[in-house]
Amino acid sequence: MYGMGGAYIFRFIAIGLGTYLLQFWPIKAIGAAYLVWMSASYFYEVRHPKIREGRMGNDLTGFGGQSFKLRVSISYFRLIQFWRPWQCPAIR
């Protein structure tokens, strides 16, 4: 609806708000703790991988699965647009 202009306005607002919030040390401490938690959880998962039971390769989590889900969603919106173009959210 707003296009590139709205994206730039949102980006400048987000950068300005982030610059303002980084003046407070509790916000910096929360961000630092979050980064430490993310890195620690990553290295924990590397050392202790989850054991998956059942058939392998049957899930939709890889590139093929993501591609399939994207194609299904595009086809769904095309069908909505074909049958009821006045109700398609992508047209408005």
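Quick caveat: nothing in here was measured; it's all calculated off a predicted structure. Each chain carries its own residue numbering, running from 1 in the written order of its sequence. Local features are withheld for residues below a pLDDT of 70 in this predicted model, meaning they are given only at 70 or higher, and side-chain atom pairs are given and counted only at 80 or more; totals for whole chains, interfaces and linings count all residues. Side-chain descriptors were evaluated using all non-hydrogen atoms of the structure, hydrogens and water having been removed beforehand.

K.L.:
Explain the overall build of the chain residue by residue, including any values.
P.N.:
Runs of E in the DSSP output that reach at least two residues are strands. Runs of H or I that reach at least four are helices, and both are numbered from the N terminus. The number of helices and strands found in the chain is three helices and zero strands. Element order for the chain, N to C, with α for helix and β for strand: α-α-α. The burial tally for the chain puts 3% of its 92 residues in the buried class. For the chain, the exposed area adds up to about 9100 Å²; of that, 68% sits on carbon and sulfur atoms. Only protein chains enter the accessibility calculation, which uses a 1.4 Å probe. A residue is then buried if its area is under 20% of the maximum for its type, exposed if over 50%, and partly exposed in between. For every accessible area listed, the method is Shrake-Rupley and the probe measures 1.4 Å; residues are considered covered only by the protein chains on display.

K.L.:
Talk me through the packing of aromatic side chains; I want residue IDs and the actual numbers.
P.N.:
Classification of ring pairs uses Phe, Tyr and Trp, with its six-membered ring standing for Trp, and accepts pairs whose centres are within 6.5 Å; under 30 degrees between planes counts as stacked, over 60 as edge-to-face, and the remaining range as tilted. Under the counting rule described, the total for this entry stands at three aromatic pairs. When the ring of Y34 is compared with that of W37, the centres are 6.2 Å apart and the planes differ by 25°; the resulting orientation is stacked. In this pair, Y34 and W37 both sit in helix α2 (residues 25-47), three residues apart, roughly one turn of the helix. According to the relative accessible area criterion, Y34 is partly exposed, its value standing at 47%. The exposure class assigned to W37 is exposed, which follows from its relative accessible area of 55%. Seen in terms of ring centroids, Y42 and F43 are 5.1 Å apart; in terms of plane orientation they differ by 70°. Their pairing is edge-to-face.

K.L.:
With reference to specific residues and values, describe a nonpolar patch on the surface.
P.N.:
A surface patch of nonpolar side chains, about 660 Å² in accessible area, is lined by L17, Y20, L21, L22, F24, I27 and I30. Secondary structure elements with two or more residues in the nonpolar patch: α1 (3-21) and α2. With three residues, α1 is the single largest residue contributor to the nonpolar patch. By the secondary structure assignment, I27 is in helix α2. Here I27 falls in the partly exposed class, since its relative accessible area comes to 36%. Each patch groups residues whose relative accessible area exceeds 30% and which form no salt bridge, using 9 Å between like charges and 5 Å between nonpolar side chains of Val, Leu, Ile, Met, Phe, Trp and Tyr. Just to be clear on terms, a salt bridge is a Lys or Arg side-chain nitrogen sitting within 4 Å of an Asp or Glu carboxyl oxygen.

K.L.:
I'd love a proper account of the confidence of the model for the chain, names of residues and values included.
P.N.:
If pLDDT is low for a region, its predicted coordinates should not be looked at in detail. Per-residue confidence from the predictor is reported as pLDDT, a score between 0 and 100. For the chain, the average pLDDT comes to 81, and 75% of its residues sit at 70 or higher. Mean pLDDT across the elements of the chain bottoms out in helix α3 (residues 63-83) (79) and peaks in α2 (93).

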